[in-house]
Amino acid sequence: MNTHNPDDFRFRYRRPEAQTQLRVERVPLSVRTLTSNSLFQGEHEIGIEHHGALYRLKITRQGKLILNK
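Attention here is on the structure that accompanies the text. Just so you know, these numbers come straight off a predicted model, no measurement behind them.

Quick notes on the overall build of the chain
Line of reasoning, step 1. Helix and strand content of the chain: one helix and five strands.
Line of reasoning, step 2. Start at the N end of the chain and walk to the C end: the helices and strands fall as β-β-α-β-β-β.
Line of reasoning, step 3. For the chain, the residues scored as buried account for 7% of the 69 residues in total.
Line of reasoning, step 4. Across the chain, contacts joining residues at least 24 apart in sequence account for 20% of those joining residues at least 6 apart.

Have a look at this one:
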């Protein structure tokens, strides 16, 4: 299980000491990441309970994810 998504970045502005120009740096965020295989375990739909409501996370025929309430 990965602990972050490499595509999830925030931008941080940093002023180098030797220069007066601003530089933009990409900094990865720490996000708990799960694979869809570990979530679905061979199924095409799972239920997620959130604050008393049931949500359904489905894998479409095209392999995309859809979340419905």
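Thoughts on the sheet that holds strand β5 (residues 65-68)
Line of reasoning, step 1. Pairing in this open sheet of three strands is antiparallel, and the strands run β3-β4-β5 from one edge to the other. In the strand order of this sheet, the two ends are held by β3 (45-50) and β5, each with one partner. Averaged over all neighbouring strand pairs, the angle between strand axes comes to 25°, with direction disregarded.
Line of reasoning, step 2. Direction of pairing for strand β4 (residues 53-59) relative to β5: antiparallel, over a ladder of four bridges. The residue of β5 that forms the bridge with isoleucine 59 is leucine 65.

Regarding the pairing of β3
A regular strand carries its side chains on alternate faces of the sheet.
Line of reasoning, step 1. Here six bridges tie β3 to β4, and the two strands are oriented antiparallel to one another. Paired with glutamate 49 across the bridge in β4 is leucine 54.

Description of the pattern of salt bridges
Line of reasoning, step 1. For the structure on display, the rule yields one salt bridge.
Line of reasoning, step 2. Note that glutamate 45 and arginine 56 form a salt bridge whose closest N and O atoms lie 2.7 Å from each other. Of this pair, glutamate 45 sits in strand β3 while arginine 56 sits in strand β4, placing them eleven residues apart in sequence.
Line of reasoning, step 3. Classification of arginine 56 by relative accessible area gives partly exposed; the value is 42%.

With respect to the environment of leucine 57
Line of reasoning, step 1. Within the fold, leucine 57 resides in strand β4.
Line of reasoning, step 2. On the basis of relative accessible area, leucine 57 is assigned to the buried category, the value being 13%.
Line of reasoning, step 3. C-alpha separation for the pair leucine 57 and leucine 67, spaced ten residues apart in sequence, amounts to 4.5 Å.
Line of reasoning, step 4. With sequence-adjacent residues up to four places away left out, leucine 57 is seen in contact with Phe40, His44, Glu45, Ile46, Ile48, Leu65, Ile66 and Leu67.

Definitions and limits used
Residues numbered from 1 in each chain as written. Predicted model: local features only at pLDDT ≥ 70, side-chain atom pairs only at ≥ 80, totals over all residues. Heavy atoms only, no water. Helix = DSSP H or I, 4+ residues; strand = E, 2+ residues; numbered from the N terminus. Buried < 20%, exposed > 50% of the residue type's maximum accessible area, 1.4 Å probe, protein only. Contact = heavy atoms within 4.5 Å. Pairing = 2+ DSSP bridges. Axes fitted to C-alpha atoms, helices over the stretch in contact; angles between N-to-C directions. Salt bridge = Lys/Arg side-chain N within 4 Å of Asp/Glu carboxyl O.

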